[in-house]
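Fold and contact review
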Amino acid sequence: MTADPKTVLTGPHFMDGNHAACEGAIAAGANFAAGYPITPSTEIVERFAMRAPLVGATFLQMEDELASSIAILGAAWGGAKAFTVTSGPGFSLMMEHIGYAAMTETPSVFVNVQRGGPSTGLPTLPAQGDMMQARWGSHGDYEIIALSPSSPQECFDLMVDAFNFAEQYRNPVIVLMDESVGHMTEKVVIPAASQIELFPHRYTRRAAADYLPFQPWPDGIPEFARAGDGYRFHVTGLTHNEHGYPAINAPQQQELVGRLVGKIRNHAEAIARAEECRLEDAQIVLVAYGITSRVALRAMQMAREERIPAGLLRPIVVWPFPEKRIRELAARARAFIVVEMNYGQMVREVERAAAGRCKTILMPHAGGAVHRPEAILDIIREAAQ
Amino acid sequence: MSAPTAMNPVEPLLRSERMPHIWCPGCGIGTTVNCFARALERSKLPLDRVALVSGIGCTGRVAGYVHLDSFHTTHGRAIPFATGLKLARPEMTVVVYSGDGDLIAIGGNHFIHAARRNVDLKVICVNNFIYGMTGGQVAPTTPLGATATTAPYGAFERPFNLPFLAESSGAVYVARWTAYHVQHIAHAMAEALQKKGFCFIEILAPCPTLYQRRNRLGDGLETMRYYKQHSVIRNGASTRDLDLGFQSEITVGKFVDIERPTLQQTMEAAYRQALQQRYAGWRA
Amino acid sequence: MPPTATPAARKFRGEVFIHADRCKGCGFCIEFCPPQVLAAAETYNRHGYHPPRLVNEAGCTGCDLCGLYCPDFAIYGVRVPLAAAAPKPETSRELAEAGGRR
Ligand code: SF4
Ligand code: SF4
Ligand code: SF4
């Protein structure tokens, strides 16, 4: 299945990451969005509000982020491809519904254009402080998929991927942008609709009598059904059995949570995506994602000019974390330098995967501006000695 | 009527394999479900095209017992979930069935906004004046002076007058009945199912386990007798005058039944006017 | 409100079905049955509640108010046309004794 040519603005554009993300969603077939204004994400829903009636979609500005984050789940059960968009404080409010989406296996996309926090923080300036919140912010055990674009082009591309992952794994997918990428204007080439592959809804073909809404296929993922098609299924955020009925006991909890976690963990390799630069012979491995990866790349090039064997690993899928690749690199590198616009979040994952086989150095930043490449270079030089 | 069928009229609506339900003896929630079943039958709506959305709480469990596309959502958020479902699936009739704490306390903001927008939802609020599921805490509906576990010396906050709240927020259909008024409830529900727009039905119902016992008001049956003796039907009464006091007289009836374009209608009209041929409609 | 005429004056008779093991003994059906067809049984059901029993079966109009009131979906009434040569209906009592469920 490929994208609908009537909705895809094929061709070269000059646009910022927020606008590109909106076009990515539309190309991916998103036909429902609900949102609440919050800087620096608002351009995405503003554009969607303008485009929606032209492409057969619906946009509703809700009364708050609690409402928008569950209106999209209602729409998803009504057959829509749905997403919401927010930033820091709004993302905090959405946590309960990320958990509900995971528990009810509702395909959905949550975009967080990260800004400085905590609290109201830096509404107009970038940060990468929500990486762990995206992974762990809702209560209980669950898994999510999260993507981190580093350019407007990638904002477009990864929105398509986000919707595809959401359908394929019946899971919430989070797109972790940041203010810099969201407001950075660059060339974005939107491919022909026929070049945009879409993962269709996993709708069941069974008769209603044979359909159990939460009975998994061998890959751990159940077939989907749309409300109104005669299946008359039940959906609950309570621990439930294959019928979707509440079953409040330890064995059922084990079975359900084990499956919800397993359906992502067991496919981590298939989901993983990263960009690698000069890693063949790298002794110093920079790990950076999103906007930070662009300054890290510059620092790496400066180090190479000094003949320091530096390389860059840029996770594009940040959750599940690419721990296998980190383990491989840890076996032969001298040090990881994790450059991130927070006070140390993904560095914990790197350290965990490296498991002491090589040194892991954090280069933190509280947000509001990107790191200076020269400052990163200093750390590279130190690590190389 | 044709030959007798050993089939309770509520049965086609129930997930019978899930019976018995969790509600306490004498709880009024099940009574309202009977009325809903009769209303659905009368409405002739195909059950495949009716969805029921609940929040959390004792009434929130209705979703789990009805054999419809049914959604037990998060606390307070049944209305925005239902809004998304209705917009994505306009051909469905979407009913929100939940309690007073869920719809009016934690969900109060969504309630007033959905009424303002006139989302085409049928909102049934079972009001038992208390939080049942969590063990009897004070609610925004608890009458002044009644006690609750978190108001051990008596509630001292003025409660909401729900029909007034609904009407002033924009609901097109507003009624209040008690669990005693089973035929009126069924009639009101049937009317709401036929009507377009945000319809609100408040049903006072006994919570004998918590509200009545705590306040020494007897069991479910005594509460039903109280409803019978102290309710006054005043159709068309001004919703301003519907405050409920502790064991006060209860005004019941249908108070609002007006026409106003729904959210979908106003949305489509605005797009059509601004975009004309370019408006693509809703592509499901 | 339900018709209160005696069954003999009408073209149908009422029949009430009790699903005793679902009953939680709230007494709504007994209280609000207009012709007072029901009373609490002395016996207990499976869950330890006294279900309703028939004390005035002939008085039942089949109005189904009991069905509307019962919070546990344990009782309901139907109207059976007197003229119809209906196949032998399951009686209320049989259903009650069988636990009420076919
Ligand atoms: S606690 Fe109250 S509202 Fe909840 S089931 Fe029991 S009686 Fe009903
Ligand atoms: S149907 Fe029920 S309420 Fe009506 S008369 Fe018969 S027993 Fe009484
Ligand atoms: S109304 Fe139902 S639960 Fe209550 S006594 Fe009658 S049969 Fe039993």
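Residues numbered from 1 in each chain as written. Chains lettered and ligands numbered in written order. Predicted model: local features only at pLDDT ≥ 70, side-chain atom pairs only at ≥ 80, totals over all residues. Heavy atoms only, no water.

**Let's talk about the domain arrangement of chain A**
Buried accessible area, meaning the area lost when the parts come together, often serves as the stated size of an interface. All names here are of chain A. Put simply, the test is: The split of the chain into domains comes from an automatic or database domain assignment. Every residue pair with non-hydrogen atoms within 4.5 Å of one another is taken to be in contact. Take the accessible area each of two parts loses on contact, using a 1.4 Å probe, and add the two losses: that sum is the buried area. By definition here, a salt bridge exists when the distance from a side-chain nitrogen of Lys or Arg to a carboxyl oxygen of Asp or Glu is within 4 Å.
Domain annotation of chain A identifies domain 1 (11-195) and domain 2 (274-384). Distance from the C-alpha centre of domain 1 to the C-alpha centre of domain 2: 26 Å. In this complex, domain 1 contributes 27 residues to the contact, which on the side of domain 2 involves 23 residues. Carbon and sulfur atoms make up 58% of the surface buried where domain 1 meets domain 2, a total of about 1900 Å² over both sides. On the domain 1 side of the interface with domain 2, the three residues burying the most area are Gln128, Met131 and Met132, jointly 32% of the side's total. In this structure, the connection of domain 1 to domain 2 is made through two salt bridges.

**Side note on the arrangement of the chains**
Highest in contacts among the two pairs of chains that touch are chains A and B. Chain A makes no contact with chain C; the smallest distance between any of their C-alpha atoms is 19 Å.

**Things to note about the packing of helix H1 (residues 17-27) of chain A against helix H2 (residues 42-55) of chain A**
Residues and elements named next belong to chain A. Going by this rule: For helices, the fitted axis covers only the stretch in contact; all axes are lines through C-alpha atoms, and the angles between them, taken along N-to-C directions, range from 0 to 180 degrees. By the criteria applied, helices consist of DSSP H or I runs no shorter than four residues and strands consist of E runs no shorter than two, each listed in order from the N terminus. Definitions for this section: a left-handed crossing has its near helix turned counterclockwise from the far helix by less than a right angle. A right-handed crossing has that turn clockwise. Classification convention: Asp, Glu, Lys, Arg as charged; Ala, Val, Leu, Ile, Met, Phe, Trp, Tyr, Cys, Pro as nonpolar; all other residues, Gly among them, as polar.
At a closest axis distance of 8 Å, the pairing of H1 and H2 adopts a crossing angle of 35°. Helix-helix and strand crossings are classified by hand; for H1 and H2 the assignment is right-handed. Between H1 and H2, the residues in contact are Asn18, His19, Ala21, Cys22, Glu23 and Ile26 and Glu43, Ile44, Arg47, Phe48, Arg51 and Val55, respectively. Partitioning the contact of H1 with H2 into residue classes produces six nonpolar, two polar and four charged.

**Remarks on the confidence of the model for chain C**
All names here are of chain C. Heads up, the condition is: The predictor reports its confidence for every residue as pLDDT, a score running from 0 up to 100.
In the predicted model, chain C carries a mean pLDDT of 81, and 71% of its residues have values of at least 70. The low-confidence segment residues 1-5, where pLDDT is below 50, has nine contacts with residues more than four positions distant or belonging to other chains. Within the model, the stretch residues 87-102 combines pLDDT values under 50 with 33 contacts to residues more than four positions away or in other chains.

**Notes on the site of ligand 1**
Worth spelling out the cut-off: A molecule or strand has a residue near it when one of that residue's heavy atoms lies within 4 Å.
The local shell around ligand 1 consists of Trp23, Cys24, Cys27, Cys58, Asn128, Cys207, Pro208, Thr209 and Leu210 of chain B. Of the residues contributing to the shell around ligand 1, the split by class is seven nonpolar, two polar and no charged.

**Notes on the interface of chain B and chain A**
We apply this condition: Any N or O atom pair separated by 3.5 Å or less is treated as a polar contact, with the protein-specific requirement of one donor-capable and one acceptor-capable atom, and with residues adjacent in sequence counted only for side-chain atom pairs.
With 44 residues of chain B at the contact, the number on the chain A side is 45 residues. Here chain B packs against chain A, burying approximately 3800 Å² in sum over the two surfaces, 57% of which is carbon and sulfur. Its largest share of buried area at the contact with chain A, chain B owes to His72, Arg89 and Arg283 of chain B, together 15% of the area lost on that side. We note a salt bridge from Arg232 of chain A to Asp48 of chain B, for which the minimum N-O separation is 3.6 Å. Where chain B meets chain A, there are 25 residue pairs in polar contact (both at pLDDT 80 or more). Elements represented by at least two residues in the side of chain B that touches chain A include exactly helix H2 (62-65), strand E2 (69-72), helix H3 (78-88), helix H5 (108-117) and helix H10 (263-275) of chain B. The leading source of residues in the side of chain B that touches chain A is H3 of chain B, at seven residues. A class-by-class count of the residues in the side of chain B that touches chain A yields 19 nonpolar, 13 polar and twelve charged.

**Observations concerning the side chain of Lys263 of chain A**
Residue and element names in this part refer to chain A. Inclusion rule: Exposed residues in this analysis have more than 50% of their type's maximum accessible area, buried residues have under 20%, and partly exposed residues fall in between, with area computed by a 1.4 Å probe over protein chains only.
Checked against the element boundaries, Lys263 lands in helix H8 (residues 250-265). Taking relative accessible area as the criterion, Lys263 reaches 2% and is therefore assigned buried. In this structure the side chain of Lys263 is engaged in a polar contact, spanning 2.9 Å, whose partner is the side chain of Glu105. Excluding residues that lie within four positions of it along the chain, Lys263 makes contacts with Glu105, Tyr169, Arg170, Asn171, Asp219, Gly220 and Ile221.

**Some remarks on unusual backbone geometry**
Cis geometry marks the peptide bond from Thr39 of chain A to Pro40 of chain A; its omega dihedral reads 0°. Look at the link from Met19 of chain B to Pro20 of chain B: it is a cis peptide, with omega at 0°. Mapped onto the secondary structure, Pro20 of chain B falls in the segment before helix H1 (29-43). Positive phi, normally seen in glycine, also occurs at Arg278 of chain A, with a value near 55°. With respect to the helices, strands and loops of the structure, Arg278 of chain A is situated in the loop between strand E11 (274-277) and strand E12 (284-287). The class for Arg278 of chain A is partly exposed, based on a relative accessible area of 39%.

**A few points about the interface of chain C and chain B**
Opposite the 33 residues of chain C that make contact, chain B presents 37 residues. Taken together, both faces of the contact between chain C and chain B bury some 2800 Å²; the carbon and sulfur share is 63%. Ranking the residues of chain C by area buried against chain B places Lys24, Leu68 and Phe73 of chain C at the top, with a combined share of 25%. Our count for the chain C to chain B interface comes out at three salt bridges. Seen at the junction of chain C and chain B, the total is 15 residue pairs in polar contact (both at pLDDT 80 or more). Contributions of two or more residues to the side of chain C that touches chain B are made by strand E1 (12-18), helix H1 (28-32), helix H2 (65-69) and strand E4 (75-81) of chain C. Per-element tally for the side of chain C that touches chain B: the top contributor is E4 of chain C, with six residues. When the residues that make up the side of chain C that touches chain B are grouped by side-chain class, the tally is 21 nonpolar, two polar and ten charged.

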